[in-house]
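Given next are the chains, with one letter for each unit.
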Amino acid sequence: MEEITQGVNNINLANDSHKKNRIQVSNTKKPLFFYVNLAKRYMQQYTEVELSALGMAIATVVTIAEILKNNGLAVEKKITTTTVDMKDDSRGRPVQKAKIEILLGKTENFDELMAAAAEERDGVYGEEQS
């Protein structure tokens, strides 16, 4: 959990620093469930979370959103797709990349599900220590 807290504190918000509830997902830097847990944490804080990704990381963002939805924690509020112009690192010429932004909101029973998961987790750790 400390790693997630550090991730929340250290996350790079790039140009959109006014959006405190945005997670920019990479498919190379962190494991999938880091982002799933981070999104849960953001929803606890802000009631909504915006998942954002470019190019090949789009599949990762969709997977994260589906995990949260299938577990009854989130509902889709808005999905935006665009293309953005970027400079190719190797050649220095402009290239277009696909971008997706998925806005998720808490479900009505989000807090209950999170409390039940925490209780279950605490119960398992308590049994191991006895």
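You'll find the structure just up there.
Now for a look at the structure at hand. (Residues numbered from 1 in each chain as written. Predicted model: local features only at pLDDT ≥ 70, side-chain atom pairs only at ≥ 80, totals over all residues. Heavy atoms only, no water.)

Some remarks on helix H2 (residues 32-46)
Helical geometry: 3.6 residues make up each α-helical turn, so side chains three or four residues apart lie on a common side.
Thinking step 1. The terminal C-alpha atoms of H2 lie 21 Å apart, and with 15 residues this matches the ideal 21 Å at 1.5 Å per residue to within 8%.
Thinking step 2. Within H2, burial applies to Phe34, Tyr35, Val36, Leu38, Ala39, Tyr42 and Met43.
Thinking step 3. Backbone geometry just downstream of H2 places threonine 47 in the positive-phi region, at approximately 70°. (Helix = DSSP H or I, 4+ residues; strand = E, 2+ residues; numbered from the N terminus. Expected span 1.5 Å × (residues − 1). Buried < 20%, exposed > 50% of the residue type's maximum accessible area, 1.4 Å probe, protein only.)

Description of helix H3 (residues 58-70)
Thinking step 1. Between its first and last C-alpha atoms H3 spans 18 Å; for 13 residues at 1.5 Å apiece the expected length is 18 Å, and the two agree.
Thinking step 2. Where H3 is concerned, the buried positions are Ile58, Thr60, Val61, Ile64, Ala65, Ile67 and Leu68.
Thinking step 3. On its buried face, H3 is in contact with H2, strand S2 (48-54), strand S3 (74-87) and strand S4 (94-106).
Thinking step 4. Just past H3, the residue glycine 72 takes up positive phi, approximately 75°. (Contact = heavy atoms within 4.5 Å.)

Let's talk about unusual backbone geometry
Outside of glycine, negative phi angles account for most residues, and trans bonds account for most peptide bonds.
Thinking step 1. Here threonine 47, not a glycine, exhibits a phi torsion of approximately 70°, which is positive.
Thinking step 2. Here threonine 47 shows up in the loop between H2 and S2.
Thinking step 3. Accessibility expressed as a relative area gives 45% for threonine 47, which makes it partly exposed.

Some remarks on the pattern of salt bridges
Thinking step 1. The tally for this structure, following the rule as stated, stands at seven salt bridges.
Thinking step 2. Put simply, glutamate 48 and lysine 77 hold a salt bridge, and the shortest N to O gap is 2.7 Å. Linking glutamate 48 in strand S2 with lysine 77 in strand S3, this pair joins segments that are 29 residues apart in sequence.
Thinking step 3. Where salt bridges share partners, they join Arg22, Glu50, Lys99 and Glu101 into one cluster. (Salt bridge = Lys/Arg side-chain N within 4 Å of Asp/Glu carboxyl O.)

Honestly, it's all geometry; don't read function into it.
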